[in-house]
Amino acid sequence: MSCPRSMVFLALLGVLALATPAVDAATCTVPSPAHETIQVAVDDIGCTEIELAAQLFIESVSITRGVVLRGQSSGTTIVQGRLTVTGASTSVGLHTLTIDGSALPVRGCFETALDVTGGGRVAADDDVVVINTGGGSCPIFADGFETGNSSRWSRTISP
């Protein structure tokens, strides 16, 4: 009895598939020789989880793919800058870190330290702190007619 070549080929493919090790999600450490900054690790598609050292990172980071950022604690791992998450298929996990935008230059009235746009999603644990810039009082009308604290308007969502 002879086996058709296609059957032998399929059997060989099956054996190779079982023998090939699965590619595990890679955890990358920042800083490290391969990943000196958070942005370098985010840009490395092999990094699916990024472990941040207990230190101050002075950088703004743009994320357009799914990734997890994990610090040591919100008191010791601090990203001083802006974290931007963009894209409908972008899902970012944040764990045990602080994003401090208080040193960012204010453009307009308010500056956000964690900016999520374009359908991006962010999930965070209880030990994530986000500090925005202090915009103070901002006129709602361009002519500056309004004075005083307008912070209550920031909680208003218009259609």
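Keep in mind that this is a model prediction, so the values were computed, not measured. (Residues numbered from 1 in each chain as written. Predicted model: local features only at pLDDT ≥ 70, side-chain atom pairs only at ≥ 80, totals over all residues. Heavy atoms only, no water.)

Draft legend 1. Region of interest: the overall build of the chain. Helices and strands together make up the secondary structure of the chain, namely two helices and 12 strands. Written out in order from the N terminus, the α and β elements of the chain read α-β-α-β-β-β-β-β-β-β-β-β-β-β. Expressed as a percentage of its 159 residues, the buried residues of the chain come to 28%. Of the roughly 10000 Å² of accessible surface on the chain, a fraction of 61% belongs to carbon and sulfur atoms. (Helix = DSSP H or I, 4+ residues; strand = E, 2+ residues; numbered from the N terminus. Buried < 20%, exposed > 50% of the residue type's maximum accessible area, 1.4 Å probe, protein only. Areas by Shrake-Rupley, 256 points an atom, 1.4 Å probe, with all protein chains shown as cover.)

Draft legend 2. Region of the structure containing the nonpolar core. In this structure, I38, I50, L52, I63 and L69 are the most contacted members of the largest nonpolar core, which totals 22 residues. Taken together, the elements giving at least two residues each to this core come down to strand 1 (26-30), helix 2 (38-43), strand 2 (47-52), strand 4 (61-63), strand 5 (67-70), strand 7 (83-86), strand 8 (91-95) and strand 9 (97-100). What I50 contacts, discounting residues up to four positions off in sequence, is C28, V30, A41, V42, V67, V68, L69 and R70. (Core = buried A, V, L, I, M, F, W, Y, C linked by side-chain atoms within 4.5 Å. Contact = heavy atoms within 4.5 Å.)

Draft legend 3. A look at the sheet that holds strand 8. If you walk across this open sheet you meet the five strands as 1-2-5-8-11, and the pairing is parallel. The open sheet terminates on both sides in strands that have one partner only, identified here as strand 1 and strand 11 (121-124). Averaged over all neighbouring strand pairs, the angle between strand axes comes to 20 degrees, with direction disregarded. Across four bridges, strand 5 lies against strand 8 in parallel orientation. Counterpart to V67 in the pairing with strand 8 is V92. (Pairing = 2+ DSSP bridges. Axes fitted to C-alpha atoms, helices over the stretch in contact; angles between N-to-C directions.)

Draft legend 4. Quick peek at the confidence of the model for the chain. Considering every residue of the chain, the mean pLDDT works out to 78; 65% of them sit at 70 or more. Scored below 50 in pLDDT, residues 139-159 shows 12 contacts in the model against residues more than four places distant or in partner chains. (pLDDT = per-residue confidence, 0-100.)

Draft legend 5. Spatial organisation of the state of the cysteines. All chains considered together, the criterion is met by one disulfide. The residue that forms a disulfide with C28 is C47, at a sulfur-sulfur distance of 2.0 Å. The disulfide joining C28 to C47 has a torsion of about -90 degrees about its S-S bond and is therefore left-handed. With C28 in strand 1 and C47 in strand 2, this pair connects stretches of sequence that are 19 residues apart. The exposure class assigned to C28 is buried, which follows from its relative accessible area of 8%. We classify C47 as buried; its relative accessible area is 0%. (Disulfide = S-S within 2.5 Å.)

Draft legend 6. Spatial organisation of the sheet that holds strand 4. If you walk across this open sheet you meet the three strands as 4-7-10, and the pairing is parallel. In this open sheet, the two edge strands, each paired with only one partner strand, are strand 4 and strand 10 (114-117). Geometrically, the sheet is characterised by an average inter-axis angle of 10 degrees between neighbouring strands, direction not taken into account. In terms of strand pairing, strand 4 meets strand 7 through three bridges, oriented parallel. Counterpart to I63 in the pairing with strand 7 is V85.

Draft legend 7. View of the environment of H95. Tracing the sequence through the fold places H95 in strand 8. Each C-alpha atom, one on H95 and one on L69, is 6.3 Å from the other, the two residues being 26 residues apart in sequence. Apart from the residues within four sequence positions on either side, H95 is in contact with V68, L69, R70, G71, D125 and V128.

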